[in-house]
Amino acid sequence: MSKMNHYFATVARGLEEIAAQELEDLGAQSVHPDFTGVHFVGDYSLMYRVNLWARTIFRVLVTVAEFPCPDAKRLYQEVQNIPWEQYLQPHHTLAVRATGGNRQLNHTHFSALQVKNAIIDQQRRQFGERSSIDTKNPDVLLNAHIHQNRCILSLDSSGTSLHRRGYRPAMGLAPLKETLAAALLTMADWQPTMAFFDPLCGSGTLPLEASLQALNIAPGLFRKSFGFEHWLDFDAKCWEQLLQEAKNSQIAELQAPISGSDRNLDIIKQARINAEKCGVAQQVSFNQTELSQVEAPTDTGIILCNPPYGERVGNANQLGDFYKQLGDVFKQRFKGWTAFVLCGNKELAKRIGLKASRRIPVYNGSISCTLLKYELY
Ligand SMILES: C[S@@+](CC[C@H](N)C(=O)[O-])C[C@H]1O[C@@H](n2cnc3c(N)ncnc32)[C@H](O)[C@@H]1O
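Residues numbered from 1 in each chain as written. Predicted model: local features only at pLDDT ≥ 70, side-chain atom pairs only at ≥ 80, totals over all residues.

**Side note on the sheet that holds strand β13 (residues 358-364)**
Phase 1 of the analysis: With respect to topology, 7 strands assemble into an open sheet ordered β10-β9-β8-β11-β12-β14-β13, the strand pairing being mixed. Whereas interior strands pair on both sides, the edge strands pair on one side only; in this sheet they are β10 (285-288) and β13. Each neighbouring strand pair of the sheet contributes to a mean axis angle of 20°, computed without reference to strand direction.
Phase 2 of the analysis: Across 6 bridges, the pairing between strand β12 (residues 338-343) and strand β14 (residues 367-375) is antiparallel. (Pairing = 2+ DSSP bridges. Helix = DSSP H or I, 4+ residues; strand = E, 2+ residues; numbered from the N terminus. Axes fitted to C-alpha atoms, helices over the stretch in contact; angles between N-to-C directions.)

**Quick look at unusual backbone geometry**
Phase 1 of the analysis: A positive phi angle, close to 50°, is found at Thr36, a residue other than glycine.
Phase 2 of the analysis: Examined against the element boundaries, Thr36 turns out to sit in the loop between β2 (29-34) and β3 (37-42).
Phase 3 of the analysis: In this model, Asp189 sits at a positive phi of 55°, which is unusual for a non-glycine residue.
Phase 4 of the analysis: Of note, Asp189 is situated in the loop between α5 (178-187) and β8 (196-198).
Phase 5 of the analysis: Judged by the 11 C-beta atoms lying within 10 Å of it, Asp189 falls in the exposed class. (Buried ≥ 20, exposed ≤ 12 C-beta atoms within 10 Å, placed from the backbone.)

**A closer look at the environment of Cys69**
Phase 1 of the analysis: By the secondary structure assignment, Cys69 is in the loop between β4 (59-68) and α3 (72-80).
Phase 2 of the analysis: Linking Cys69 and Gln80, residues 11 residues apart in sequence, is a C-alpha distance of 13 Å.
Phase 3 of the analysis: Once residues within four sequence positions are removed from consideration, Cys69 is found in contact with Arg74, Leu75, Glu78, Ile146, Asn149, Arg150 and Cys151. (Contact = placed C-beta atoms within 7 Å.)

**What to know about the pairing of β10**
Phase 1 of the analysis: Bridge count for strand β9 (residues 258-262) against β10 is 4 bridges, and the pairing is parallel. Across the sheet, Ser259 pairs through a bridge with Ser285, a residue of β10.
Phase 2 of the analysis: In this view, the connection linking β9 to its parallel neighbour β10 by way of helix α8 (residues 265-277) has right-handed handedness. (Right-handed = clockwise from strand over helix to strand, strands pointing away.)

**Things to note about the packing of helix α2 (residues 44-53) against helix α7 (residues 236-248)**
Phase 1 of the analysis: Running from amino to carboxyl end, α2 crosses α7 at an angle of 40°, the nearest separation of the two axes being 10 Å. The angle between α2 and α7 places the two elements in the oblique class. Handedness of the α2/α7 crossing: right-handed. On the side of α2, the interface is formed by Ser45, Tyr48, Arg49 and Leu52, while α7 contributes Cys238, Trp239, Leu242 and Ala246.
Phase 2 of the analysis: Residue classes in the contact of α2 with α7 are distributed as 6 nonpolar, 1 polar and 1 charged. (Parallel < 35°, antiparallel > 145°, perpendicular 65-115°, else oblique. Left-handed = near helix turned anticlockwise from the far one by under 90°. Nonpolar A, V, L, I, M, F, W, Y, C, P; charged D, E, K, R; others polar.)

**Thoughts on the site of the ligand**
Phase 1 of the analysis: Around the ligand, 21 residues are found, and the nearest of them are Leu200, Gly202, Thr205, Arg263 and Leu291.
Phase 2 of the analysis: Each residue belonging to the shell around the ligand can be placed in one class, and the counts come to 12 nonpolar, 6 polar and 3 charged. (Near = placed C-beta within 6 Å.)

**Points about helix α4 (residues 108-127)**
Phase 1 of the analysis: Here α4 is 20 residues long and its end C-alpha atoms lie 28 Å apart, about the 28 Å a rise of 1.5 Å per residue gives.
Phase 2 of the analysis: Residues of α4 that are buried include every one of Ser111, Gln114, Val115, Lys116, Ala118, Ile119 and Gln123, and no others.
Phase 3 of the analysis: In this fold, the buried residues of α4 make contact with α3, β5 (94-101) and β6 (140-147).
Phase 4 of the analysis: A positive phi of about 75° marks Gly128, the residue just after α4. (Expected span 1.5 Å × (residues − 1).)

**Some remarks on the nonpolar core**
Phase 1 of the analysis: Formed by 86 residues in total, the largest nonpolar core has its most connected members in Ala9, Leu23 and Leu184.
Phase 2 of the analysis: For this core, the leading source of residues is α2, giving 7 residues.
Phase 3 of the analysis: Not counting residues up to four positions away in its chain, the partners in contact with Leu184 are Leu206, Leu304, Leu342 and Leu371. (Core = buried A, V, L, I, M, F, W, Y, C linked by C-beta atoms within 7 Å.)

**A short note on the domain arrangement of the protein**
Frequently, the measure chosen for interface size is the accessible area removed from exposure when the parts meet.
Phase 1 of the analysis: Here the protein is partitioned into domain 1 (5-156) and domain 2 (178-216 + 252-375).
Phase 2 of the analysis: Each of domain 1 and domain 2 has a C-alpha centre, and the two are 36 Å apart.
Phase 3 of the analysis: Every contact between the two is made by 9 residues of domain 1 and, on the other side, 8 residues of domain 2.
Phase 4 of the analysis: Looking at the side of domain 1 that touches domain 2, its residues break down into 5 nonpolar, 2 polar and 2 charged. (Domains from an automatic or database assignment.)

**Observations concerning the sheet that holds β4**
Phase 1 of the analysis: The strand order across the open sheet built from 7 strands is β2-β3-β1-β4-β7-β6-β5, with neighbouring strands paired in mixed fashion. Each edge of the sheet is formed by a strand with only one pairing partner; in this case those strands are β2 and β5. For this sheet, the mean inter-axis angle between neighbouring strands, taken without regard to orientation, is 30°.
Phase 2 of the analysis: Relative to strand β7 (residues 150-156), β6 is paired through 6 bridges, and the arrangement is antiparallel. Residue pairing for β7: His147 is matched across the bridge by Arg150.
Phase 3 of the analysis: Most of the contacts of α4 go to β5, to which it runs at about 135°, and overall it touches β5 and β6.

What follows is the structure in structure tokens.
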């Protein structure tokens with residue numbers, strides 16, 4: 001059996017439990033949610049699978065070492081004790097990111113520099129040459145997390161964050177992160193057998209994530225690369241097999257319609273380009289429609305939307321009437337549906353004028369929001 005490793009999947013605040021369930025479903029063992037992350041255990045093939053299939057996590061970190069780290073000197077020594085030739089050769093480019101800190105190590109930039117210096121000093125002694133630093137696109141991305149008097153060093157197997165699926169070059173105003181959109185669909189208990197509609201869809205993140213789920217399309221299929229592909233122990237055969245499996249497991253047709261609309265034609269055009277990019281343009285429909293004109297596409301289904309709430313788009317004072325209109329449209333035209341609204345402003349949410357049957361706290365970036373559920377009958 002191949003070697004088992006300890007992994008840490010980083011996630012947005014509040015999505016730990018949803019991500020933990022997703023990791024279990026993908027075959028992870030010893031899954032244990034923590035603050036903004038989930039610990040789990042598995043072999044390399046599981047780590048590849050998670051990078052390819054996970055919809056709600058940002059990055060998969062692989063623990064390299066954990067050691068006491070009260071100050072800069074100890075950090076440097078401990079990093080020098082690690083046999084780095086197992087992980088990178090001088091021709092590989094490197095970047096080190098540090099997070100957290102303690103009394104002595106309270107500048108992440110400085111901590112990262114200590115780690116980098118310890119590695120390249122070791123390389124110079126061993127090989128007479130060193131890795132160059134590439135902060136944008138490194139072959140090996142190392143993460144040093146310092147908490148109290150300990151440091152955890154991990155390799156970032158994802159490279160760039162997994163919310164960057166690669167299907168969205170075009171972005172509307174204030175788009176949702178793809179990882180959050182996927183998690184909202186889970187919170188709404190949406191299933192591929194249910195119709196899905198977002199009347200304020202912007203660049204289409206919610207309908208697109210719904211269609212990827214419904215068609216069993218792996219979200220990582222559109223990415224150009226992952227961090228682990230540059231590693232010395234990269235198992236290209238295993239990765240090819242996983243990619244092939246993913247391509248073979250796609251479903252051809254939706255079981256229920258998925259659609260989005262927005263009043264802004266330019267943004268709708270972007271949504272269509274994005275749908276094209278992830279190969280679902282024939283399945284999802286995007287229409288330019290003013291909220292006041294929308295009609296229910298079927299008798300029943302799930303509406304999920306994030307209206308502007310003043311923090312990023314629009315002005316809170318002018319938005320009250322818009323929220324009232326949203327509630328009116330739900331009540332008058334979507335009988336039999338269940339609506340979910342992601343809202344970051346309590347006063348505006350009240351203007352919807354319907355009684356919420358559930359309120360789920362959610363963070364949209366740093367904005368504390370609520371996902372409000374309305375049963376429309
Ligand atoms: C916060 S954005 C939604 C972002 C979207 N979830 C995404 O990921 O790209 C809100 C959207 O509501 C749309 N909108 C605002 N007022 C509208 C109206 N009266 N009718 C239809 N769309 C409207 C805006 O054009 C904007 O794209």
